[in-house]
Amino acid sequence: MQNTKKHQHSQKHIKAISNRLSRTIGHLEAVKNMVKRDEDCSKILIQLAAIKAAVNNTAKAVLKEHLAHCIHHTCSKENKQSIEDLNKAIDMFVK
């Protein structure tokens, strides 16, 4: 993964995304324990759906920040590469 720092995000945004990811990781660990305890498959699937929604909501928050902050900043400089990079990331996410 290439790390070319073109911009900075606020500490508030970084903390919010980090907190979302921490909660999701904790939820995933809980489901892993459900599997180890051989709990009911339907309950596990419901929890996995919740995790999937949490990941999607986190991605949505990242995308909104990217559109509001990063793309706005680079569009003002007419940087077409940023738009291409965003399109690639969206394509990979929605596969």
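Keep in mind that what you see is a predicted model, and the values were worked out from it rather than measured.

**Some points on the overall build of the chain**
From N to C terminus, the chain includes three helices and zero strands. Mapped in sequence order, the helices and strands of the chain form the string α-α-α. Taking all 95 residues of the chain together, 15% fall into the buried category. Here the analysis covers contacts within the chain between residues at least 6 apart in sequence; of these, 56% occur between residues at least 24 apart. Approximately 7700 Å² of the chain is accessible, and the part contributed by carbon and sulfur atoms is 58%.

**Description of the side chain of His13**
Along the chain, the position of His13 falls in helix α1 (residues 11-36). His13 gets classed as buried once you look at its relative accessible area, which sits at 15%. Ignoring any residue separated from it by four or fewer positions in sequence, one finds His13 in contact with Ala61 and Glu65.

**Observations regarding a nonpolar patch on the surface**
A cluster of nonpolar side chains, contributed by Val55, Ile90, Phe93 and Val94, occupies part of the molecular surface with about 340 Å² of accessible area. Relative to the helices and strands, Phe93 is located in helix α3 (residues 80-93).

**Some details on the environment of Leu45**
Position of Leu45 relative to the elements: it lies in helix α2 (residues 41-75). Its relative accessible area of 57% is what places Leu45 among the exposed residues. Sequence separation between Leu45 and Val31 is 14 residues; the distance between their C-alpha atoms is 9.2 Å.

What counts and how
Residues numbered from 1 in each chain as written. Predicted model: local features only at pLDDT ≥ 70, side-chain atom pairs only at ≥ 80, totals over all residues. Heavy atoms only, no water. Helix = DSSP H or I, 4+ residues; strand = E, 2+ residues; numbered from the N terminus. Buried < 20%, exposed > 50% of the residue type's maximum accessible area, 1.4 Å probe, protein only. Contact = heavy atoms within 4.5 Å. Areas by Shrake-Rupley, 256 points an atom, 1.4 Å probe, with all protein chains shown as cover. Patch = residues over 30% accessible without salt bridge, like charges linked within 9 Å, V, L, I, M, F, W, Y side chains within 5 Å. Salt bridge = Lys/Arg side-chain N within 4 Å of Asp/Glu carboxyl O.

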